[in-house]
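The primary structure of each chain is shown beneath.
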Amino acid sequence: MRAIRRLSLLLLVLLLSGCGYNQIQSKDEGVKAAWSEVLNQYQRRADLVPNLVETVKGYAAHEEAVFTQVTNARAKVGQTTLSVDDLDDAAKMAQFQAAQGELSSALSRLMVVSENYPQLKADGLFQNLQAQLEGTENRVTVARQRFIEATQDFNTYVRQFPQNLTAMIFGYKAKANFTVENEREISRPPSVDFSRPAQTQPQQLPPPQPATAQPAPAEPQPQPAQ
């Protein structure tokens with residue numbers, strides 16, 4: 001009886017191996033690891049936002065609309081999460097992309113504002129934060145590209161025969177990925193003009209003219225008695 005069970009177990013292992021079960025597990029873990037790195041880099045970027053806003057605000061306090069956009073976009077990013085268990089949900093992936101895209105655009109606008117303030121650009125703290133942001137954006141790009149590649153590899157594999165049967169039996173579905181439209185939107189520079197219009201000068205009233213001396217009225221001459 002034990003020999004039959006061992007033989008059945010061995011046959012099951014060989015069957016699963018031949019149908020790609022182990023490869024599916026490996027590729028699925030690869031996608032999850034790649035996604036974790038994407039989240040890590042996005043979080044690094046979000047952590048830079050408060051200090052960036054406060055630093056720019058010290059020099060451009062009247063740019064309140066830009067600060068509000070950045071703050072709101074960061075808050076939305078914090079509320080829009082996507083766990084590794086939801087990677088097969090295209091709708092949630094689209095929401096996640098939209099939130100991150102809004103934060104990217106808001107940060108771009110903040111950097112445009114900084115160009116109008118030479119003293120801010122020369123500030124050591126701002127220069128350090130700007131360098132960190134640029135480095136983080138590069139890391140985000142790399143992490144996102146690795147996730148795209150890992151997801152494409154997984155999706156291609158589980159759609160092929162006979163792996164598709166194994167994936168169907170064990171509940172593995174194709175995973176959502178970053179869309180081309182979103183990639184273009186994120187990389188598109190914001191078409192916003194933050195150049196402040198020249199302040200209108202108050203209308204100058206003509207200086208008061210000095211009052212001209214009016215000749216004194218002639219005194220009435222006494223009339224001769226009749």
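Keep in mind it's a predicted model, so treat the numbers as computed, not measured.

Enquirer: Account for helix H4 (residues 90–114), naming residues and giving values.
Expert: An ideal rise of 1.5 Å per residue puts 36 Å on 25 residues; H4 measures up with 36 Å between its terminal C-alpha atoms. For H4, the N-terminal capping position is held by Asp89, with its side-chain oxygen 3.1 Å away from the main-chain nitrogen of Ala91.

Enquirer: Talk me through a nonpolar patch on the surface; I want residue IDs and the actual numbers.
Expert: The grouping of Phe161, Leu165 and Met168 at the surface amounts to a nonpolar patch, some 370 Å² of accessible area in total. Locating Met168 in the fold gives a position in helix H7 (residues 163–170).

Enquirer: Which residues make up the nonpolar core, and what values go with them?
Expert: Residues Leu52, Val56, Val70, Leu107 and Leu110 are the most contacted members of the largest nonpolar core, which totals 23 residues. For this core, the secondary-structure elements that each account for two or more residues are helix H2 (21–57), helix H3 (64–79), H4 and helix H6 (124–159). Sorting elements by how many residues they give to this core places H4 first, with seven residues. Aside from chain neighbours lying at most four places away, what touches Val56 is Phe67, Leu110, Val113, Leu120 and Phe126. In terms of nonpolar packing, the next biggest core, distinct from the first, is built from 20 residues, Val31, Tyr42, Tyr157 and Phe178 among them.

Enquirer: Before we move on, can you summarise the environment of Arg144 with the specific residues and values?
Expert: Along the chain, Arg144 turns up in helix H6. The sequence separation of Arg144 and Trp35 amounts to 109 residues, and the corresponding C-alpha distance is 7.9 Å.

Enquirer: So, the pattern of salt bridges: which residues are in play, and what are the values?
Expert: Taken as a whole and judged by the stated rule, the model has eight salt bridges. The salt bridge involving Glu54 is made with Lys57; its shortest N-O contact spans 3.9 Å. On the criterion of helical spacing, the pair formed by Glu54 and Lys57 is a turn pair, its members being three residues apart in helix H2. Looking at Glu54, the relative accessible area reads 51%, which means it is exposed. Judged by its relative accessible area of 28%, Lys57 is partly exposed.

Enquirer: Could you give me a rundown of the packing of H2 against H6, with the residues and numbers involved?
Expert: One can describe the packing of H2 onto H6 by two numbers: an axis separation of 8 Å at closest approach and a directional angle of 160 degrees. The orientation of H2 with respect to H6, classified from their angle, is roughly antiparallel. Crossing handedness for the pair H2 and H6: left-handed. When grouped by side-chain class, the residues that make up the contact of H2 with H6 number 20 nonpolar, eight polar and ten charged.

Enquirer: Account for H3, with residues named and values stated.
Expert: The end-to-end C-alpha distance of H3, which contains 16 residues, comes to 23 Å, matching closely the 22 Å that a straight helix rising 1.5 Å per residue would cover. Considered for burial, the residues of H3 that qualify are Val66, Phe67, Val70, Ala73 and Val77. On an axial view of H3, the arc spanned by its buried residues comes to 135 degrees, and they lie on one face. In H3, the exposed residues that point more than 90 degrees away from the buried face are Ala65, Gly78 and Gln79.

Enquirer: Tell me what's going on with the environment of Tyr42, and back it up with residues and numbers.
Expert: With respect to the element layout, Tyr42 can be found in helix H2. Taking the C-alpha atoms as reference, Tyr42 lies 10.0 Å from Thr141; in sequence the two are 99 residues apart. When near neighbours in sequence (up to four residues on either side) are disregarded, Tyr42 contacts Phe96, Gln100, Val140, Arg144 and Phe178.

Enquirer: Can you lay out the packing of aromatic side chains for me, pointing to particular residues and giving the numbers?
Expert: Inspection of the entire model under this criterion finds six aromatic pairs. Through pairs of rings, three or more aromatic residues link up here, namely Trp35, Tyr42, Phe96, Phe147 and Phe178. Lying across the ring of Phe178, Arg144 places its NZ or CZ 5.9 Å from the centre.

Calculation notes
- Residues numbered from 1 in each chain as written.
- Predicted model: local features only at pLDDT ≥ 70, side-chain atom pairs only at ≥ 80, totals over all residues.
- Heavy atoms only, no water.
- Helix = DSSP H or I, 4+ residues; strand = E, 2+ residues; numbered from the N terminus.
- Expected span 1.5 Å × (residues − 1).
- Polar contact = N/O pair within 3.5 Å; in protein donor to acceptor, adjacent residues only side chain to side chain.
- Patch = residues over 30% accessible without salt bridge, like charges linked within 9 Å, V, L, I, M, F, W, Y side chains within 5 Å.
- Areas by Shrake-Rupley, 256 points an atom, 1.4 Å probe, with all protein chains shown as cover.
- Salt bridge = Lys/Arg side-chain N within 4 Å of Asp/Glu carboxyl O.
- Core = buried A, V, L, I, M, F, W, Y, C linked by side-chain atoms within 4.5 Å.
- Buried < 20%, exposed > 50% of the residue type's maximum accessible area, 1.4 Å probe, protein only.
- Contact = heavy atoms within 4.5 Å.
- Axes fitted to C-alpha atoms, helices over the stretch in contact; angles between N-to-C directions.
- Parallel < 35°, antiparallel > 145°, perpendicular 65-115°, else oblique.
- Left-handed = near helix turned anticlockwise from the far one by under 90°.
- Nonpolar A, V, L, I, M, F, W, Y, C, P; charged D, E, K, R; others polar.
- Arc of directions from axis to C-beta.
- Phe/Tyr/Trp six-rings, centres within 6.5 Å; stacked < 30°, edge-to-face > 60°.
- Lys NZ or Arg CZ within 6 Å of the ring centre and 35° of its normal.

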